[in-house]
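The lines below spell out each chain.
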Amino acid sequence: MSTRRGFPVVVAAPSGTGKTTVCRAVVARDPDIVFSISHTTRPMRRGELDGVDYHFVSPEQFDRGVAAGDFLEWATYNGNRYGTSWRAIDAPLGDGHDVLLEIEVQGARQVRAKRDDARFIFLLPPSLATLRERLEGRGSDASEVIAARLELARRELEDGPRFDYAVVNDDLDACVAEVLAILSAERDGETASLRARHVPGPAIEALLRA
Ligand code: 5GP
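Residues numbered from 1 in each chain as written. Predicted model: local features only at pLDDT ≥ 70, side-chain atom pairs only at ≥ 80, totals over all residues. Heavy atoms only, no water.

Q: Could you clarify how one ought to interpret the nonpolar core in this entry?
A: As a rule of thumb, soluble globular proteins bury nonpolar side chains together. Core analysis: the largest hydrophobic core is formed by 25 residues, its most contacted members being Val10, Leu101, Val111, Phe122, Leu124, Leu157 and Phe163. Those residues in contact with Val10, other than ones at most four positions away along the chain, are Leu101, Ile103, Ala108, Val111, Arg119, Phe120, Ile121 and Phe163. (Core = buried A, V, L, I, M, F, W, Y, C linked by side-chain atoms within 4.5 Å. Buried < 20%, exposed > 50% of the residue type's maximum accessible area, 1.4 Å probe, protein only. Contact = heavy atoms within 4.5 Å.)

Q: Any chance you could explain the layout of surface pockets here in plain terms?
A: To find leftover empty space, one rolls a probe the size of a water molecule over the atoms. Volume-wise, the largest pocket comes out at about 910 Å³. The set of elements that each furnish at least two residues to the lining of the largest pocket consists of helix H1 (19-29), strand S5 (71-77), strand S6 (80-85) and helix H6 (143-157). Looking at the lining of the largest pocket, the element that brings in the most residues is H6, giving 5 residues. Of the residues that constitute the lining of the largest pocket, the class distribution is 11 nonpolar, 11 polar and 12 charged. (1 Å grid on protein atoms, 1.4 Å probe; cavity = no way out; pocket = protein on both sides within 12 Å on 5 of 7 lines; lining within 4 Å. Points joined across faces, edges and corners; volume = space filled by probe spheres on them. Helix = DSSP H or I, 4+ residues; strand = E, 2+ residues; numbered from the N terminus. Nonpolar A, V, L, I, M, F, W, Y, C, P; charged D, E, K, R; others polar.)

Q: Can you help me understand the site of the ligand in this one?
A: Near the ligand you find 15 residues, and of these Ser38, Arg42, Tyr54, Tyr82 and Glu104 are the closest. In the model, an oxygen atom of the ligand is placed 3.2 Å from a nitrogen or oxygen of the Gly83 main chain. A distance of 3.3 Å separates an oxygen atom of the ligand from a polar side-chain atom of Thr84. Its atoms largely coinciding with the cavity grid, the ligand occupies the largest pocket. (Near = heavy atom within 4 Å. Polar contact = N/O pair within 3.5 Å; in protein donor to acceptor, adjacent residues only side chain to side chain. Sits in = over half its atoms within 2 Å of the grid points.)

Spatial relationships are all this shows, so hold off on functional conclusions.
Right under this line is the structure:
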């Protein structure tokens, strides 16, 4: 049995970066990290399962959790609330697993303030043009909706320089491999070269300039 205590790994990204796909692939490939299942007040989407993708709760249940101090962090995003319960991370960490928190940037800030042991990875789209294409999706949304999403993504990008690593999600497999390498380096305490390769500030500046 492992005697290592796990650490939380926060993964955030501007919306449209493909964060969920990357996170799911990382957890599927690395047996030492588990996914933190968040609570949310948003309605369940087709194909989602309660207790697997999220714990789907009512606004009243969410409020009670907040009042009871059940959440490490929580935030409102697109009119719905999302939060990471202490329970979602404490048990796996105690078992020696790392825990992946796929959350938005306001929540990441709260984790940074509360958890010295957390690591922070920011995913980036290859370019703003790609981001726009991904946000446009199948073209069914009104242009104001797309413009608002792009604006939100730009604001989310502003938080990126506070993260430990920035990884570009150009090619899914390469991005996943890079995140797995970061996790492995963090476990071994040999992080210097990966941190140097993935400094967020310059990567984000380059993205905004391009
Ligand atoms: P979606 O509704 O598309 O599943 O998620 C919307 C946003 O909420 C995404 O950026 C996602 O990462 C974020 N999110 C999911 N769970 C949590 C959470 O527990 N806390 C916070 N702060 N954000 C979350």
